[in-house]
Amino acid sequence: MKLTLSILFGILIFYLIVGLGLQAHYASRMSAQFEAGTKHLEGKIPRYENMQKQLGGTDVFGRPRLGKDASSFLNRRVRWPSAAGELRYLDSDVKGRVPLIATNIPLSFDKSKLISFKGIDFSWLKEAAGFDYWDLTSSPLVRNRLAALKGNFITPSYFFGDIAEPVFSDIYAFMRLRLMHGIATRSLRAALAESRQMARLIASTETVNGYVVAGLMLVSEAEAFDFGTKLGIVRAKDWIPVRNGGEILKNGSIQPFAGYFGVYSNPELVARTVANPKNNVGRCLAMIDGTREMAQYSPFLKSKFLFERDFSPLMQSLENAALDPSNNCRFPYVRKFWEGDPVFHSTKLLPFWQRAIQYMPYLRRAFVYHSLLESRDIVVRSTGN
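Computed from a predicted structure; not experimentally measured. (Residues numbered from 1 in each chain as written. Predicted model: local features only at pLDDT ≥ 70, side-chain atom pairs only at ≥ 80, totals over all residues. Heavy atoms only, no water.)

A.B. asks: I tried to follow the overall build of the protein on my own but got confused; where do I start?
C.D. replies: In terms of regular secondary structure, the protein is built from 17 helices and two strands. By its C-alpha atoms, the protein is 95 × 45 × 35 Å across when sized along the principal axes. For the protein, with 385 residues in total, the buried portion stands at 51%. Pairs at least 24 apart in sequence give 77% of the contacts found in the protein among residues at least 6 apart. Of the roughly 18,400 Å² of accessible surface on the protein, a fraction of 57% belongs to carbon and sulfur atoms. Taken as two groups, the 49 positive and 34 negative side-chain charges of the protein have centres that lie 2 Å from each other. (Helix = DSSP H or I, 4+ residues; strand = E, 2+ residues; numbered from the N terminus. Buried < 20%, exposed > 50% of the residue type's maximum accessible area, 1.4 Å probe, protein only. Contact = heavy atoms within 4.5 Å. Areas by Shrake-Rupley, 256 points an atom, 1.4 Å probe, with all protein chains shown as cover. Lys, Arg positive; Asp, Glu negative; His and termini not counted. Charge placed at Lys NZ, Arg CZ, Asp CG, Glu CD.)

This is the structure we're talking about:
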């Protein structure tokens, strides 16, 4: 009995030496990185708040609207990535799809009258006015990915890491062509309304690419309006373009600020940014983007033991922000993750040693620190310009 206890005590001492040693080794390297990441997030606050001030009151980037979903109407009209890597339409027979714009067509407003619009169907854009948002999670590609997750064919972090989205750049080119058509046919007022509605729907997808393209569409819209007023096609009082935040839109710098919803953040930063109901712009995007990162590390962060860094205040602040009904965000799978749905927290596909160390104090923190130091994925997202 004494021999058994001695062996067990020796194993425990050995584990403590190795575990605490590894944790201390990587923690010492991570200390400066944690500090730098947090300081950079704090330094971005003025830019974040300026973006909220400039764009938060617009009907494109303002508070999300919960109404009629356009997914069944739009999903089939635009190209999506296929499993083989090719871009394809979900429905080969649909009328009024977003066509591919030939590269030799000059999408310049002063060339509007030189373009032949014969055979290009813009009529379906009128129907788009009846929708409030575009939910990408109902697409067959996302549903297939969810089935793969539930079938234990992919991990939760993989599920969140690369969710399919349509080719928004096709829509951008098509809507710029619609503005040119409005100039050529002197129906610019209607074209401006259709362009604004499409920008609103694209932004409502709560994706980074959707936000960027929606911003660029607003720039196109303002340019078309200015061109049209000079020609007398529309009057200045006929339309109000979005000019606030023009530089933000033009340089494509609208971003979700995912770092505020990530491992380098803290409860104070979360409360000031993505948890603040007044911050409409990028709030949902930050939660979606941040969850992609947190899904990878949460199994190794959610528990705490003596001498381990305590991530529970941060994790709780992220959970509270994600589940706050005031955010009006439409991300059912992100919500399920933060509600603790087992499907989105499964570790069955992780290597055995990773499944084991999630329950092993010190080693699990060492693993997270090592992964952060090696991948730098979150650092890039958190501290990028």
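A.B. asks: Just checking my understanding: could you explain the packing of aromatic side chains for this structure?
C.D. replies: In this description, a pair of aromatic rings is defined by centroid distance and the angle of the planes. Going through the model one piece at a time under the given rule, you end up with 22 aromatic pairs. Centroid distance Phe 73 to Phe 131: 5.1 Å. Interplanar angle 25°. Geometry classified as stacked. Of this pair, Phe 73 sits in helix 3 (residues 71–74) while Phe 131 is found in the loop between helix 4 (125–128) and helix 5 (140–150), placing the two residues 58 residues apart along the sequence. Look at Phe 159 and Phe 344: their rings are 5.7 Å apart centre to centre, the planes differ by 70°, and that puts the pair in the edge-to-face class. On the criterion of sequence distance, the pair formed by Phe 159 in helix 6 (residues 156–161) and Phe 344 in the loop between helix 14 (332–339) and helix 15 (352–357) is long-range, its members being 185 residues apart. Look at Phe 159 and you get buried, because its relative accessible area is 0%. (Phe/Tyr/Trp six-rings, centres within 6.5 Å; stacked < 30°, edge-to-face > 60°.)

A.B. asks: I'm lost on the state of the cysteines in this one. Help?
C.D. replies: Put plainly, two cysteines are in a disulfide when a covalent bond ties their sulfur atoms together. The final tally for this structure, using the stated rule, is one disulfide. With a sulfur-sulfur separation of 2.0 Å, Cys 284 is cross-linked through a disulfide to Cys 329. Note on the Cys 284 and Cys 329 pair: the S-S dihedral is about -90°, so by sign convention the disulfide is left-handed. With Cys 284 in helix 12 (residues 283–297) and Cys 329 in the loop between helix 13 (312–323) and helix 14, this pair connects stretches of sequence that are 45 residues apart. There is no split in this pair, since Cys 284 and Cys 329 are both buried. (Disulfide = S-S within 2.5 Å.)

A.B. asks: Looking at this structure, I do not really get the pattern of salt bridges. What am I missing?
C.D. replies: Working definition: two side chains of opposite charge can pair if their charged atoms are close together. Under the defined criterion, the tally for this structure stands at 13 salt bridges. Among the salt bridges present, the one from Arg 235 reaches Asp 238, with a minimum N-O distance of 3.2 Å. Put simply, Asp 59, Arg 196, Arg 200 and Glu 221 are held in one network by salt bridges that share partners. (Salt bridge = Lys/Arg side-chain N within 4 Å of Asp/Glu carboxyl O.)

A.B. asks: What exactly am I supposed to notice about helix 12 here?
C.D. replies: Taking 1.5 Å as the rise per residue, helix 12 with 15 residues should run 21 Å; its terminal C-alpha atoms sit 21 Å apart, in good agreement. Remark: the principal bend of helix 12, roughly 30°, maps to Thr 291. The element helix 12 is extensively covered by neighbouring structure, given that 13 of its 15 residues are classed as buried. (Expected span 1.5 Å × (residues − 1). Bend = angle between axes of the 7 residues up to and from the residue.)

A.B. asks: Help me understand the packing of helix 13 against helix 14, please; the structure alone is not making it clear to me.
C.D. replies: The description of two packed helices rests on the angle between their axes and on the distance between the axes. Interhelical geometry of helix 13 versus helix 14 gives an angle of 140° and a closest axis separation of 9 Å. On the basis of their axis angle, the class for helix 13 and helix 14 is oblique. Crossing geometry of helix 13 relative to helix 14 is assigned as left-handed. Contacts between helix 13 and helix 14 involve Met 315, Leu 318, Glu 319, Ala 322 and Leu 323 on the former and, on the latter, Arg 335, Trp 338 and Glu 339. Within the contact of helix 13 with helix 14, the residues separate by chemical class into five nonpolar, no polar and three charged. (Axes fitted to C-alpha atoms, helices over the stretch in contact; angles between N-to-C directions. Parallel < 35°, antiparallel > 145°, perpendicular 65-115°, else oblique. Left-handed = near helix turned anticlockwise from the far one by under 90°. Nonpolar A, V, L, I, M, F, W, Y, C, P; charged D, E, K, R; others polar.)

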